[in-house]
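# Understanding the architecture of this molecule
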Amino acid sequence: MSRTLKILFLVVCVLTGVKTMAQNAVNDELVVFTDRDFCISGDTLWIKIYVPKEAHPFGNIVHLQLESQSGNLIGSRALKCIDTHAEGYIPVPDSLQTGLYFVHAFFNAQRNNSALKCVGKSVYIYNRFEEEIDRLPVLENKEAVVEVSDAGEGIRINVDNSSYNRRDKLTGRIDVDENEFVYLVASAQMIEPFSHQNIDFLNFGMKGTNKNIPAFVENDGIMFSGQMSDKQSGDAASELVMLSVAGNETYFDYYFPDSLGVFHFFLRDATGIADLILQPLTVSEKSYDIRITPNFMSGVQQLKFDTTFVNPKQAEVIENSIKGTFFNKLFSGVSITKNESFEMPNPYGMPFYGNVDYHVVPDDFIDLPDFKEISRELLVGLQYRDRNDEVTFRMLNYTREKFFDSEPLRLLNGVPVFKNSFFQNLQSTQIASIDLVKTERVFGDLRFKGVMAVSLKDKSNSWLAQQPNIFQLKMPCIQYPMQAEYSSQEKDITQPDTRHQFLNQTLDLSGNRPFSFQLSDVKGELEIKVEAVTKSGEIYKTSKIISVQ
């Protein structure tokens, strides 16, 4: 062989090796596993994420995302990872159109990394109201596809038979000899041929959609960002932004926006869906607008798509799956064991304004018709002034034995209030308790000339609609740890059982791993598979196809 040919041969080998390593090895990237290859709109997509130890300096909150092929964020959740594992779910909107979607994840602290990668999954979603599906999108370019190696004898799935009848109980065992594996996920689902053929692990190049979000390390909490502007002119506003949390009357925070009107808050140990209340601190009559900035990292920019026809057999299975999901929801369904109610411990160990000087429960006294009578009869040290139809409050400063020269901080269900008319018509029977602070208090850069905190029995905060420049929003915080329940919920054998998913669990890294589940009424091919990540970041898979008659 000539010297030129030898050099050419070596170059080809090196390039081939580099390409193989890029496709197979995921190094320190997050790896996302889905419980299924397809789902129907209205379903719940359950996710497990491998978090390498090399990624731990980025925090312990992983942002999970469902993205459309056009780059739109469909849903997102914040998951708390424990060691190398995080798991959660994304509800698929009932109105989501049929198409190819993508699941990926990132740490907020990684968002400024221009070379950020994540190994995610593609998933087909079929709209349950669509009458006929004759063509579907597919990936045109395969450069982003991560090659998954066959685990061979390294992972063995053992079952008693190769064929089962509907509603049979299937038992088996998973044996793993390879000690290089650091993460193992086992799943079992009925095969839908089209998605089974076209679903891949993908190496997403993640790009942030908003540079105003800082690369903050999130540990045991989530950060959210927003922007405030003058509603009339649209110009950035820099007035102080105050944050209250409905249902947590002891919490308060504030932020001075930058020149662009951008602000940030961090909610520590907040789980569930928070009902946040934001308002600017202003004495002017201006109207403001506050918008929350979605913490979104897109991963589909480098992907190209084509469409292909669905053959009659594939279309039939898809149609039956859609019908089956309807019956499954009607008779049993996948249940979520916990709700999304909000919880956040008090970060201060006491109300943010400090210890209370005077606490009164109006129910301990006779009923009083309005707040003027309440303040006169029950609130020692609070002065209620009503002059020219304008109500003002003054708090007695105990340290100087005279009234402050400005109004105290007024709180209603923990929310700062600047219109005293809200208090005027409150009856004692509507109030759960009243706290008074009769000394000056300091909270960060803020000084309060006393505090009057009124807690109502009605926590709906309907009165907020009457106060200008108040912005209420729902904020998904850390998702509660939850588990999908794939077993049949219907004991009556006369009721149809149309489940397609039967198993989705991480596996212990040592010993044999038994599993069992009851099959449904769905006929076809069942795939039991184990997907694994090695210490070097390679992805392996083994699967067994079972016939269900």
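Up top is the structure.
Please read these numbers as outputs of a predicted model, since none were measured by experiment.

Turning next to the overall build of the chain. When helices and strands are tallied, the chain shows five helices and 39 strands. Here the C-alpha coordinates of the chain stretch approximately 100 × 70 × 45 Å along the principal axes. Among the 549 residues that make up the chain, the fraction classed as buried is 52%. For the chain, long-range pairs separated by at least 24 residues make up 76% of all intrachain contacts whose partners lie at least 6 apart in sequence. In the structure as shown, the chain presents an accessible area of about 26,200 Å², 48% of it carried by carbon and sulfur atoms.

Take I322: it is sitting in helix 3 (residues 312-331). Residues I322 and E130, 192 residues apart in the sequence, show an inter-C-alpha distance of 9.1 Å. Residues within four places of I322 in sequence aside, it is in contact with I40, Y126, N127, R128 and I133.

Time to look at the sheet that holds strand 13 (residues 169-176). The strand order across the open sheet formed by three strands is 11-13-37, and the pairing between neighbours is antiparallel. The sheet terminates laterally at strand 11 (155-159) and strand 37 (513-518), the two strands that pair on one side only. Neighbour to neighbour, the strand axes of the sheet diverge by 20 degrees on average, direction disregarded. Two strands pair when backbone bridges link them, and strand 11 and strand 13 are joined in this way by five bridges, in the antiparallel orientation. Within the sheet, the bridge partner assigned to I155 lies in strand 13 and is V176.

Together, E130, E131, E132 and D134 make up a negatively charged patch on the protein surface. You can see E130 is positioned in the loop between strand 8 (117-126) and strand 9 (135-139).

A few words now on the packing of aromatic side chains. Throughout the structure, instances matching the rule amount to 31 aromatic pairs. Arranged with centres 5.7 Å apart and planes meeting at 35 degrees, the rings of F33 and Y183 form a pair that is tilted. You can see F33 sitting in strand 1 (residues 31-34) and its partner Y183 sitting in strand 14 (residues 181-190), a full 150 residues away along the chain. A residue is classified by how much of its surface remains accessible, and F33, at 1% relative accessible area, is buried. On the basis of relative accessible area, Y183 is assigned to the buried category, the value being 4%. Linked through ring pairs, Y251, F252, Y254, F256, Y348, F352, Y353, F443 and F448 together constitute an aromatic cluster. The ring of F201 is capped by K121, whose NZ or CZ atom sits 4.7 Å from the centre of that ring. Just above the ring of Y358 sits the side chain of K438; from NZ or CZ to the centre is 4.9 Å.

The next thing to look at is the sheet that holds strand 27 (residues 382-387). With antiparallel pairing, three strands are arranged side by side in an open sheet as 27-28-29. Looking along the sheet, the strands with just one partner apiece sit at the ends: strand 27 and strand 29 (402-403). The sheet contact formed by strand 28 (residues 390-397) and strand 29 spans two bridges and is antiparallel. Each bridged residue has a counterpart across the sheet, and for N397 the counterpart in strand 29 is K402.

Here is what the cut-offs are and how they apply
- Residues numbered from 1 in each chain as written.
- Predicted model: local features only at pLDDT ≥ 70, side-chain atom pairs only at ≥ 80, totals over all residues.
- Heavy atoms only, no water.
- Helix = DSSP H or I, 4+ residues; strand = E, 2+ residues; numbered from the N terminus.
- Buried < 20%, exposed > 50% of the residue type's maximum accessible area, 1.4 Å probe, protein only.
- Contact = heavy atoms within 4.5 Å.
- Areas by Shrake-Rupley, 256 points an atom, 1.4 Å probe, with all protein chains shown as cover.
- Pairing = 2+ DSSP bridges.
- Axes fitted to C-alpha atoms, helices over the stretch in contact; angles between N-to-C directions.
- Patch = residues over 30% accessible without salt bridge, like charges linked within 9 Å, V, L, I, M, F, W, Y side chains within 5 Å.
- Salt bridge = Lys/Arg side-chain N within 4 Å of Asp/Glu carboxyl O.
- Lys, Arg positive; Asp, Glu negative; His and termini not counted.
- Charge placed at Lys NZ, Arg CZ, Asp CG, Glu CD.
- Phe/Tyr/Trp six-rings, centres within 6.5 Å; stacked < 30°, edge-to-face > 60°.
- Lys NZ or Arg CZ within 6 Å of the ring centre and 35° of its normal.

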